[in-house]
Amino acid sequence: MPERTRVVVIGAGPAGLLLSHLLDRFGIESIVIDSRTREQIETTIRAGILEQGTVEILTDTRASDRVLTVGQKHEGIELRFAGEGHRIDFADTVGRAVWLYPQHEVLKDLVAARLAAGQDLRFGVTAERVEDAGTSRPRIVAKDAEGNPVEIEADVVVGADGSRSVVREAVTGTYGGYFREYPFAWFGILCEAPPSSPELIYSNSPDGFALISQRSPGVQRMYFQCAPDTDTEAYTEEQLWEILQARVPGTTLNEGHIFQRDVLRFRSFVAHEMRRGRVVLVGDAAHTVPPTGAKGMNLAVADVVLLTEALRALLLDHDETLLDAYPEIARRRIWKAQHFSWWMTNMLHLQPGASDFDRMRQIGELRTIVESHAGRAYLAEAYTGWQFEGGLPGVK
Ligand SMILES: Cc1cc2nc3c(=O)[nH]c(=O)nc-3n(C[C@H](O)[C@H](O)[C@H](O)COP(=O)(O)OP(=O)(O)OC[C@H]3O[C@@H](n4cnc5c(N)ncnc54)[C@H](O)[C@@H]3O)c2cc1C
């Protein structure tokens, strides 16, 4: 006999854990499963920038205080091109901010909150498929770390299982989506050195893009544009510093031991469907963006904000209207974020085969932004995040 719960969530990433946390505030029971161990979840380096609305939801629902104490508030970024830096002042243009607080720290906070609340959170359990997706009692078929079968039936199954979602197949078919691949990737490093700059630097250079970012007072995160098939071991440490230094003319980077390298491919994807009956997708399972606009994790949070209200109405008031509307309302923000991520990517990266004309046009586009209040405000509004429709759920 399958176990039974109200909501079964596949994936203990930011989307799945936050959804379970918010549902709990309405007294709605859920089970969250994840194929990874707790340690893997809490140590994998991914996104680092939280929009103001994401921070508000974490703090107002008491999921995290540390974001305000350990995280750093940033009220601007720098765009660097043609040898000069230009600050985009968020406070001055839109009165908002972002916080530098790594994704794995958000996950540590959410895991701790879930376990402290006695939540059913299971690590090492891998979903294989969803059955009876079109009915009011969908079911997930999974295996635990020892290979034992696990079956959980629920009122609602939520696919928060990331870009390689198995739940997506039950909703839309594996390839059912809008898709774009980019001809470049990011080579990312983590190094032991103090910050080279108080704010993030997004640099468009003749050699290609670079992003100078921080993780903590002693650790920096930096990226540079590379070919998608680049091997992480293709460069020595010395070569990596040469590449990075050349792409941020005007700033001398603080160098230190490089202890992690990764290559992050660029893809834009939006699933054609986000819901089939009582099976719903959130976060990267439904959409992915290139990381240039720092939207991936924040978009996952925005889906969850909407879905919480929809599930509250369904499960407590027997009202399915909001769940019916969920995909359409979510898609409005998803496509705004898709556009912003695409726009930042194209404005800042060197396109393979770009002509002199293309390069000069790109500089003209950057000047259009930095030399105009409206241009700076447009970037600042999108980067710090649009307001959530309907406010924050579960905030008492
Ligand atoms: C390598 C990488 C680097 C990134 N770097 C950046 C960055 O620098 N900046 C940025 O803005 N964004 C970045 N992103 C994007 C950002 O991290 C994601 O948008 C965000 O994690 C989405 O959250 P999510 O909860 O939807 O999915 P995820 O965080 O992917 O969580 C999905 C969870 O589901 C689990 N899972 C998957 N399949 C199953 C299954 N079958 N059964 C059980 N569990 C399963 C996974 O183990 C995972 O814990 C990066 C993403 C990746 C993959």
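As recorded in an unreviewed UniProt entry, the chain goes by the name 4-hydroxybenzoate 3-monooxygenase, listed as coming from Streptomyces brasiliensis.

S.K.: Could you give an account of the site of the ligand, with specific residues and numbers?
M.R.: Lining the immediate surroundings of the ligand are 29 residues, of which Gly11, Gly13, Gly162, Gly283 and Gly296 lie closest. Secondary structure elements with two or more residues in the shell around the ligand: α1 (14–25), β2 (30–34), β9 (126–131) and α9 (296–317). Looking at the shell around the ligand, its residues break down into 15 nonpolar, nine polar and five charged.

S.K.: How would you explain the sheet that holds strand β13 (residues 201–205) if you had to name every residue and give the values?
M.R.: Taking strand neighbours across the sheet as the criterion, the eight strands line up as β6-β5-β13-β14-β15-β12-β16-β19 in an open arrangement whose pairing is mixed. In the strand order of this sheet, the two ends are held by β6 (84–89) and β19 (287–288), each with one partner. Note: strand β5 (residues 76–81) against β13, four bridges, orientation parallel. Each residue of the ladder has a partner; that of phenylalanine 81, found in β13, is asparagine 204. Seen against the sheet, helix α8 (residues 237–247) touches β12 (177–192), β13, β14 (208–216), β15 (219–226) and β16 (258–271) and runs at an angle of roughly 80 degrees to β15.

S.K.: Outline helix α10 (residues 321–348), listing residues and values.
M.R.: For α10, built from 28 residues, the straight-helix expectation of 40 Å at 1.5 Å per residue is met to within 8% by its first-to-last C-alpha distance of 41 Å. If you look at α10, its biggest bend is around 35 degrees, right at proline 327.

S.K.: Any chance you could break down the domain arrangement of the chain for me, citing the residues and the numbers?
M.R.: Here the chain is described as being made up of domain 1 (3–48 + 102–176 + 272–352) and domain 2 (180–266). Look at where the C-alpha atoms of domain 1 and domain 2 centre, and you get two points 30 Å apart. In this assembly, 10 residues from domain 1 lie in contact with 16 residues from domain 2.

S.K.: Could you give an account of the sheet that holds strand β7 (residues 98–100), naming the residues involved and the relevant values?
M.R.: Spatially, β3-β7-β4 is the arrangement adopted by the three strands of the open sheet, whose pairing is antiparallel. A single partner strand is all that each edge strand has here, and the edge strands are β3 (49–51) and β4 (72–74). When the angles between neighbouring strand axes are averaged without regard to direction, this sheet yields 35 degrees. When β3 meets β7, the two strands line up antiparallel, connected through three bridges. What sits directly across from isoleucine 49, in β7, is leucine 100. On top of the sheet, helix α3 (residues 52–60) reaches β3 and β7; it is set at about 80 degrees to β3, its chief contact.

Rules behind the numbers
- Residues numbered from 1 in each chain as written.
- Predicted model: local features only at pLDDT ≥ 70, side-chain atom pairs only at ≥ 80, totals over all residues.
- Near = placed C-beta within 6 Å.
- Helix = DSSP H or I, 4+ residues; strand = E, 2+ residues; numbered from the N terminus.
- Nonpolar A, V, L, I, M, F, W, Y, C, P; charged D, E, K, R; others polar.
- Pairing = 2+ DSSP bridges.
- Contact = placed C-beta atoms within 7 Å.
- Axes fitted to C-alpha atoms, helices over the stretch in contact; angles between N-to-C directions.
- Expected span 1.5 Å × (residues − 1).
- Bend = angle between axes of the 7 residues up to and from the residue.
- Domains from an automatic or database assignment.

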